[in-house]
2 protein chains.
Amino acid sequence: MQKKVKTRGFAELIPLLVADVYQLAGAFRQWGDGIAGEVGQTQARWQVLSAASVGGRTVAQLARRLGYARQSVQRTADLLVTDGLAKYASNMDHRKSPHLELTQHGDDALKTLTAAAGQEHKKLAAAASAAGVNTTELQTALDVIRQMCAAMETKGFATRP
Amino acid sequence: MQKKVKTRGFAELIPLLVADVYQLAGAFRQWGDGIAGEVGQTQARWQVLSAASVGGRTVAQLARRLGYARQSVQRTADLLVTDGLAKYASNMDHRKSPHLELTQHGDDALKTLTAAAGQEHKKLAAAASAAGVNTTELQTALDVIRQMCAAMETKGFATRP
DNA sequence: GTCATATTGACAGCATGATGTCAATATGTA
DNA sequence: TACATATTGACATCATGCTGTCAATATGAC
């Protein structure tokens, strides 16, 4: 019977976890948009900038890597090119599918974003510490979240890198 | 120096937490959309149905409770009414602001959704358990996530209930 | 009772995710 | 080589969040 009781309590925590993860993800999203907004960017553009900074990747490759639909990334990439943050460089391997490369302007923007994010991470760490979170607990939480992601994947729900 | 080292390690976990929370939230979203989709609904409609099921609430009140913009909830509510899942009932307190009430059809849909979600929660709990998560760790993760939400709120990033 | 202020719903428009379809292009196999 | 299949970008369209503006309506201070 012990196992049954344990399982029941466990299952009842799931809806709470779902709600809290949504809540925290929403707060993180606002936070990230705030950081990106300070540089006149958005999170979507930031993600594509970051993934494209490696260079030598087509839009379709970036989309797969980011876990978004190809067309969504295509639109964001086109906007980045329009704004001069990136450019299309011809791809020897595929005449119709150029590589997305950052321009100097785009590289600068990404560097600014990275620096701003680092500052904000420190601030959030301080706030979390003040809220009573310690490193051990945070590490446990991370482990649980990753295991939940793994569990979701076994059920066929893709997760995004 | 101990405190400094601890803080540094802590701050470095933050970006990992952000990435993993995004990832898990994305998986949960897909999962929820799947559940809602089986009944021909969406998560947005589900949320509004659920919040409206209490009865006696205006669209603006629902929006505040859900943490969404008033206009977003308005649109979803209008769609629910169009589809016969809800109806507007005159509000004595405000001539222009009716209460959103579920119809029998809407109540049935919500009951179906709730039942389906319960089943899915059990399945996910089993998968998580198999992935090696135990109740104690899950509870710790929940606590950390809530403390992070609280920390975010102190920084002015609203979280959604 | 009056009037400034806040709230509300309607409407228009934007951002960013999704999907579906089509033609051009690679790719792998017979 | 030839052809079936997969991949890719372009384009259209939808879903669902946001914002801003306006008029109607409550609300509260005086």
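Look up a bit, the structure's there.
Residues numbered from 1 in each chain as written. Chains lettered and ligands numbered in written order. Predicted model: local features only at pLDDT ≥ 70, side-chain atom pairs only at ≥ 80, totals over all residues.

Asks: Would you mind going over the sheet that holds strand 3 (residues 99–102) of chain A in detail, with residue names and values included?
Replies: Strand pairing in a sheet relies on backbone hydrogen bonds. The paired strands run either parallel or antiparallel. Residue and element names in this part refer to chain A. As summarised here, the arrangement of the 3 strands in space is 1-3-2, forming an open sheet in which the pairing is antiparallel. Lying at the two open borders of the sheet, with one neighbouring strand each, are strand 1 (57–58) and strand 2 (86–89). For strand 1 and strand 3, the ladder comprises 2 bridges, and the chain directions are antiparallel. Across the sheet, the residue bridging to Thr-58 is His-99, located in strand 3. (Pairing = 2+ DSSP bridges. Helix = DSSP H or I, 4+ residues; strand = E, 2+ residues; numbered from the N terminus.)

Asks: Could you give an account of the protein's contact with DNA strand D, naming the residues involved and the relevant values?
Replies: For DNA strand D, the set of nearby residues contains 20 residues, the closest of which are Ser97(A), Thr42(B), Ala44(B), Ala69(B) and Arg95(B). Sorting the residues of the surface near DNA strand D by element identifies helix 3 (59–66) and helix 4 (70–82) of chain A together with helix 4 (70–82) of chain B as the ones contributing at least two each. Class assignment of the residues belonging to the surface near DNA strand D gives a composition of 5 nonpolar, 10 polar and 5 charged. (Near = placed C-beta within 6 Å. Nonpolar A, V, L, I, M, F, W, Y, C, P; charged D, E, K, R; others polar.)

Asks: Could you give me a rundown of the sheet that holds strand 2 (residues 86–89) of chain B, with the residues and numbers involved?
Replies: All names here are of chain B. An order of 1-3-2 is seen for the 3 strands of this open sheet, with the pairing classed as antiparallel. The open sheet has two edge strands, strand 1 (57–58) and strand 2, and neither has a second partner. Bridging between strand 2 and strand 3 (residues 99–102) involves 4 bridges; their strand directions are antiparallel. Within the sheet, the bridge partner assigned to Tyr-88 lies in strand 3 and is Leu-100. Helix-sheet contacts for helix 4 involve strand 2 and strand 3, and the interaxial angle to strand 2 is about 110°. (Contact = placed C-beta atoms within 7 Å. Axes fitted to C-alpha atoms, helices over the stretch in contact; angles between N-to-C directions.)

Asks: Report on the interface of chain B and chain A, specifying residues and quantitative values.
Replies: In this assembly, 54 residues from chain B lie in contact with 54 residues from chain A. Those elements giving two or more residues to the side of chain B that touches chain A turn out to be helix 1 (2–38), helix 5 (104–130) and helix 6 (135–154) of chain B. For the side of chain B that touches chain A, the leading source of residues is helix 1 of chain B, giving 22 residues.

Asks: Requested: an account of the nonpolar core, with residues and values cited.
Replies: Counting residues in hydrophobic clusters, the biggest one holds 62 residues, and the most contacted among them are Val21(A), Leu49(A), Met148(A), Val21(B) and Leu24(B). In terms of residues, this core owes the most to one element, helix 1 (residues 2–38) of chain A, which gives 12 residues. Residues in contact with Met148(A), not counting those within four places in the same chain, are Leu24(B), Ala128(B) and Val133(B). Counting residues in each nonpolar core, the second largest holds 18 residues, with Ala36(B), Ala52(B), Leu100(B) and Ala109(B) among its members. (Core = buried A, V, L, I, M, F, W, Y, C linked by C-beta atoms within 7 Å. Buried ≥ 20, exposed ≤ 12 C-beta atoms within 10 Å, placed from the backbone.)

Asks: Go over the protein's contact with DNA strand C, please, and point to the residues and values.
Replies: Near DNA strand C you find 20 residues, and of these Thr42(A), Ala44(A), Ala69(A), Arg95(A) and Ser97(B) are the closest. Where the surface near DNA strand C is concerned, the elements lending two or more residues are helix 4 of chain A together with helix 3 (59–66) and helix 4 of chain B. Split by residue class, the surface near DNA strand C holds 5 nonpolar, 10 polar and 5 charged.

Asks: How would you sum up the relation of the copies chain B and chain A? Please name residues and give values.
Replies: Of the transformation superimposing chain B on chain A, the axial component is 0.0 Å and the angular component is 180°, with the fit at an RMSD of 0.1 Å. These values place the two chain copies in the arrangement generated by a two-fold rotation axis. Minimal C-alpha distance to the rotation axis in chain B is attained by Ala141(B), lying at 2.0 Å. A share of 100% of the interface residues of chain B reappears at the interface of chain A, consistent with the copies meeting face to face through the same patch. (Least-squares fit on C-alpha atoms with pLDDT ≥ 70 in both.)

Asks: Could you give an account of the packing of helix 6 (residues 135–154) of chain A against helix 5 of chain B, naming the residues involved and the relevant values?
Replies: Helix 5 of chain B packs onto helix 6 of chain A with a crossing angle of 120° between their chain directions and a minimal axis gap of 8 Å. Here helix 5 of chain B runs oblique to helix 6 of chain A, going by the angle between their axes. In the packing of helix 6 of chain A onto helix 5 of chain B, the handedness of the crossing is right-handed. Facing helix 6 of chain A, whose interface residues are Gln147(A), Met148(A), Ala151(A) and Thr154(A), helix 5 of chain B presents Leu124(B), Ala127(B) and Ala128(B). Class assignment for the residues of the contact of helix 6 of chain A with helix 5 of chain B results in 5 nonpolar, 2 polar and no charged. (Parallel < 35°, antiparallel > 145°, perpendicular 65-115°, else oblique. Left-handed = near helix turned anticlockwise from the far one by under 90°.)

Bear in mind that shape data such as this cannot, by itself, settle questions of function.
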